[in-house]
Amino acid sequence: MTATDVAARIVAELVASGMTDIVACPGSRNAPLLLELARSPLKLHMRIDERSAAFLALGIARVQKRQVAVVMTSGTAVANTLPAVIEAHLTNTPLMILSADRPRYFVGTGASQTIEQCGLFEPYATTFGIDVETRPETAAVTVRRALARPVSHVNVAFRNPLVGEAPEVTADVHDISLGHTDWGVADIDLSKNTLVIAGDGAWQVPGLEDVPTIAEPTAPAPHNAVHPLAAHVFHKPQVSAEDYVVHTKPEQIVVVGHPTLHRGVLKLTQDKDIDITVLTRTANYTDPTGAARRVASTVRVTGQPSTQWLKICEAAGQLAADAVRDGLESCADFTGLHAAAAIADTLGVGDTLVVGASNPIRDVAFVGLPFDGVSTYSPRGAAGIDGTVSQTIGIALATQAQYPAEIRAPRTVALLGDVTFLHDIGGLLIGPDEPRPENLTIVVANDNGCGIFETLEQGAEEYRDRFERVFGTPHDVNLAELCAGYGVGYERAESVQELVDKLLDDIEGPPQFRVIEAVTTRDGRRDLHEEIAKAVAW
């Protein structure tokens with residue numbers, strides 16, 4: 001059986017599984033797969049950078065919630081997909097790395113483009129090997145076994161000749177729905193003061209709909225939302241309000257999904273004086289300090305939240321939300337937080353929002369997301385900045401593909417920091433024959449460096465003599481010229497109103513793929529956060 005025969009069987013299994021999209025990079029050793037993919041019914045996305053390709057596939061898979069494969073040649077090309085594999089594993093996003101390899105006897109001999117590819121992704125993905133020379137007949141069953149895993153690595157050792165015509169092959173249609181891991185049921189008495197903390201991967205848990213909830217932007221919008229900056233109120237056993245004392249510390253907390261954003265919120269989940277229940281539907285759960293008393297997937301509730309507890313949570317949340325908006329109003333600077341507010345205030349039902357790690361996702365949380373009717377995505381698995389441009393494009397492509405009959409593609413807006421944008425600038429490289437986003441606006445809050453560190457411990461006055469070079473890391477890059485080089489539209493906004501006006505063009509003007517550079521500053525970020533924190537004090 002030739003390399004092209006095996007490739008035809010592999011591609012047939014991918015089609016039969018219900019996979020619709022596949023991302024690939026050019027190469028020699030993966031030539032059999034590329035030739036078969038080019039004549040298959042799969043929607044093929046070609047990229048020249050394996051890291052960008054893997055994150056593009058990850059973005060598509062986030063929307064489709066089914067397997068998307070990434071195909072590449074042998075050697076370090078495979079290693080470049082590791083960051084995306086880690087993110088896929090930690091977010092339970094289905095992803096397959098389909099790598100070509102040289103026969104096993106070349107490994108360790110110094111042969112060109114040959115590394116040890118088997119086991120390269122452990123413990124984040126299991127390798128399923130196919131050896132065309134010794135056991136080519138196992139290709140189909142091996143691919144099916146790999147598809148049963150959320151994240152997998154199929155490594156195909158092709159021998160020469162690598163090109164030729166293979167007969168068209170079909171495979172029996174099979175289901176690759178992955179389902180959920182069931183951790184059982186937890187009993188929750190809602191007459192106790194209860195708070196829900198919902199992170200990435202959270203879902204609307206039946207029985208907890210009316211419980212006050214601190215939700216991260218990628219979680220479902222709660223009915224009784226509590227602002228994350230109100231968390232400090234819940235650390236206190238009680239606070240004085242006018243002439244009476246109210247008990248503000250929750251008796252129990254239910255953690256849903258994977259919360260990671262806010263230190264004050266995470267501190268609550270680590271308080272051993274609070275009864276902590278963690279809900280998960282994956283093989284993993286979030287409990288960094290072992291404070292959880294139980295882990296489950298569903299709840300059985302009794303009782304109702306008290307009116308007093310609901311009022312306490314509402315008042316604390318409103319105080320924090322007002323503090324942020326008042327802080328923005330009184331601040332003369334144009335900061336990343338202002339850019340987040342401009343985006344939040346111009347989103348509409350049916351829009352999709354992608355938010356980069358670091359400051360942008362926290363800024364979006366501070367200005368009031370999640371919004372009901374807006375699909376929000378952010379890399380919260382490993383919380384890295386790598387691959388975000390590519391993920392954004394993948395999300396935009398997959399979203400518009402869900403509505404092929406619409407005259408106007410659904411609107412996708414992204415908020416990225418400048419360092420995040422530059423880290424994956426190659427993600428803007430889309431070949432002339434490749435599918436392109438039709439209605440995507442990437443807002444880059446450009447404060448010329450790493451604004452997140454301004455608000456952390458290293459941003460304090462005593463470290464300013466060393467801060468700028470090793471934490472601020474200014475780059476002075478001309479984003480307009482970069483966008484021009486990649487053939488992507490570019491606009492510039494130097495104020496909140498300018499940004500709002502340009503974002504409204506998405507709604508009123510023709511759809512387009514463009515970058516808006518919001519020229520922000522980080523000089524006053526620390527002071528702004530301190531002012532907001534003072535206003536939230538209760």
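As recorded in an unreviewed UniProt entry, the protein goes by the name 2-succinyl-5-enolpyruvyl-6-hydroxy-3-cyclohexene-1-carboxylate synthase, listed as coming from Corynebacterium hindlerae. Its UniProt record gives the protein the following Function (unreviewed entry) comment, quoted word for word: "Catalyzes the thiamine diphosphate-dependent decarboxylation of 2-oxoglutarate and the subsequent addition of the resulting succinic semialdehyde-thiamine pyrophosphate anion to isochorismate to yield 2-succinyl-5-enolpyruvyl-6-hydroxy-3-cyclohexene-1-carboxylate (SEPHCHC)." According to UniProt, the comment filed for the protein under the heading Subunit (unreviewed entry) is "Homodimer."

Caption draft 1: Local environment of the UniProt feature "domain: Thiamine pyrophosphate enzyme N-terminal TPP-binding" (unreviewed entry) in the protein. With numbering aligned to this structure, UniProt lists the feature "domain: Thiamine pyrophosphate enzyme N-terminal TPP-binding" (unreviewed entry) at residues 6-118. The distance separating the terminal C-alpha atoms of residues 6-118 is 19 Å; by composition the span is 42% helix and 17% strand.

Caption draft 2: View of the domain arrangement of the protein. Taken domain by domain, the protein holds domain 1 (3-157), domain 2 (185-319) and domain 3 (334-522). Counting from both sides, the interface comprises 21 residues of domain 1 and, opposite them, 27 residues of domain 3. With both chains or domains summed, domain 1 and domain 3 bury close to 1,800 Å², and 58% of this area falls on carbon and sulfur atoms. If you look at where domain 1 meets domain 3, you find 1 salt bridge. There are 8 residue pairs in polar contact (both at pLDDT 80 or more) connecting domain 1 and domain 3. Contributions of two or more residues to the side of domain 1 that touches domain 3 are made by strand 2 (43-46), helix 3 (50-64) and helix 5 (82-91). With 10 residues, helix 3 is the largest single contributor of residues to the side of domain 1 that touches domain 3.

Caption draft 3: Inspection of the sheet that holds strand 2 at higher detail. Taking strand neighbours across the sheet as the criterion, the 6 strands line up as 2-1-3-4-6-5 in an open arrangement whose pairing is parallel. Edge strands, defined here as strands with exactly one partner in the open sheet, are strand 2 and strand 5 (126-131). Ignoring strand direction, the axes of neighbouring strands in this sheet form an average angle of 20 degrees. In this structure, strand 3 (residues 69-72) lies alongside strand 4 (residues 95-101), joined through 4 bridges in parallel fashion. Considered in strand 4, the bridge of Val71 is made with Leu98. Helix 5 rests against strand 4 and strand 6 (151-157) of the sheet, and its axis sits at about 150 degrees to strand 4.

Caption draft 4: Examining the sheet that holds strand 13 (residues 275-279) more closely. With respect to topology, 5 strands assemble into an open sheet ordered 9-8-12-13-14, the strand pairing being parallel. Both edges of this open sheet fall to strand 9 (213-215) and strand 14 (294-296), since each of them pairs with a single strand only. For this sheet, the mean inter-axis angle between neighbouring strands, taken without regard to orientation, is 20 degrees.

Caption draft 5: Just the environment of Pro222, in detail. Relative to the helices and strands, Pro222 resides in the loop between strand 9 and helix 7 (231-235). Along the sequence, Pro222 and Phe371 sit 149 residues apart, while their C-alpha atoms lie 8.8 Å from each other. Other than its neighbours up to four places away in sequence, Pro222 contacts Thr213, Ala215 and Pro370.

Caption draft 6: Here's a closer look at the pattern of salt bridges. Inspection of the entire model under this criterion finds 22 salt bridges. Here Asp187 ties to Arg300 by a salt bridge, and the two come within 2.7 Å at their closest N and O atoms. Taken as a pair, Asp187 in strand 7 (residues 185-189) and Arg300 in strand 15 (residues 298-302) lie far apart in primary sequence, 113 residues in all. When its relative accessible area of 47% is taken as the criterion, Arg300 is described as partly exposed. Through salt bridges with shared partners, one network takes in Glu454, Arg464, Glu468 and Arg522.

Caption draft 7: Examining the environment of Leu162 more closely. The topology assignment puts Leu162 in the loop between strand 6 and strand 7. Take Leu162: its relative accessible area is 10%, and that puts it in the buried class. Put simply, Leu162 and Thr2 are 160 residues apart on the chain and 8.1 Å apart in space, counted from C-alpha to C-alpha. Look past the residues within four positions of Leu162 in its chain and what remains in contact with it is Thr4, Ser28, Arg29, Ala31 and Pro32.

Caption draft 8: Representation of helix 10 (residues 336-344) in the model. The buried fraction of helix 10 amounts to 9 of the 9 residues, a majority that puts the element mostly inside the structure. Along helix 10, the residues that are buried comprise Gly336, Leu337, His338, Ala339, Ala340, Ala341, Ala342, Ile343 and Ala344. Where helix 10 begins, one side-chain oxygen reaches toward the backbone nitrogen of Leu337, 3.2 Å away; that side chain belongs to Thr335.

Caption draft 9: Representation of the UniProt feature "domain: Thiamine pyrophosphate enzyme TPP-binding" (unreviewed entry) in the protein within the structure. In this numbering, the UniProt entry assigns the feature "domain: Thiamine pyrophosphate enzyme TPP-binding" (unreviewed entry) to residues 387-505. This span, residues 387-505, is 39% helix and 15% strand, and a straight line between its end C-alpha atoms measures 27 Å.

Caption draft 10: Just the packing of helix 1 (residues 3-16) against helix 2 (residues 31-38), in detail. At their nearest, the axes of helix 1 and helix 2 sit 8 Å apart, and the two run at 50 degrees to each other. Classed by the angle they form, the pair helix 1 and helix 2 counts as oblique. When you trace helix 1 past helix 2, the crossing you get is right-handed. Judged by residue contacts, Ala3, Thr4, Ala7, Ala8, Ile10 and Val11 of helix 1 engage Pro32, Leu33, Glu36 and Leu37 from helix 2. In terms of residue class, the contact of helix 1 with helix 2 is built from 8 nonpolar, 1 polar and 1 charged.

Caption draft 11: A look at the nonpolar core. Among the nonpolar cores identified, the biggest contains 59 residues, and Phe234, Leu353 and Leu499 are the most heavily contacted of them. With 8 residues, helix 9 (residues 307-330) is the single largest residue contributor to this core. In terms of domain composition, this core takes at least three residues from each of domain 2 (185-319) and domain 3 (334-522). Leaving out residues up to four positions away in the same chain, Phe234 has contacts with Leu195, Ile214, Val226, Thr248, Lys249, Pro250, Leu268, Trp309, Cys313 and Ala316.

Caption draft 12: Main features of unusual backbone geometry. Asn160 connects to Pro161 through a cis peptide bond whose omega is 0 degrees. In this structure, Pro370 follows Leu369 across a cis peptide bond, with omega equal to 15 degrees. Locating Pro370 in the fold gives a position in the loop between helix 11 (359-366) and strand 17 (375-377). Unlike most non-glycine residues, Asn92 shows phi in positive territory, near 55 degrees. In this structure Asn92 comes out as partly exposed when scored by relative accessible area, which is 35%.

Calculation rules
- Residues numbered from 1 in each chain as written.
- Predicted model: local features only at pLDDT ≥ 70, side-chain atom pairs only at ≥ 80, totals over all residues.
- Heavy atoms only, no water.
- UniProt positions renumbered as here; feature names shortened; annotations may be inferred.
- Helix = DSSP H or I, 4+ residues; strand = E, 2+ residues; numbered from the N terminus.
- Domains from an automatic or database assignment.
- Contact = heavy atoms within 4.5 Å.
- Buried area = accessible area lost by both parts, 1.4 Å probe.
- Salt bridge = Lys/Arg side-chain N within 4 Å of Asp/Glu carboxyl O.
- Polar contact = N/O pair within 3.5 Å; in protein donor to acceptor, adjacent residues only side chain to side chain.
- Pairing = 2+ DSSP bridges.
- Axes fitted to C-alpha atoms, helices over the stretch in contact; angles between N-to-C directions.
- Buried < 20%, exposed > 50% of the residue type's maximum accessible area, 1.4 Å probe, protein only.
- Parallel < 35°, antiparallel > 145°, perpendicular 65-115°, else oblique.
- Left-handed = near helix turned anticlockwise from the far one by under 90°.
- Nonpolar A, V, L, I, M, F, W, Y, C, P; charged D, E, K, R; others polar.
- Core = buried A, V, L, I, M, F, W, Y, C linked by side-chain atoms within 4.5 Å.

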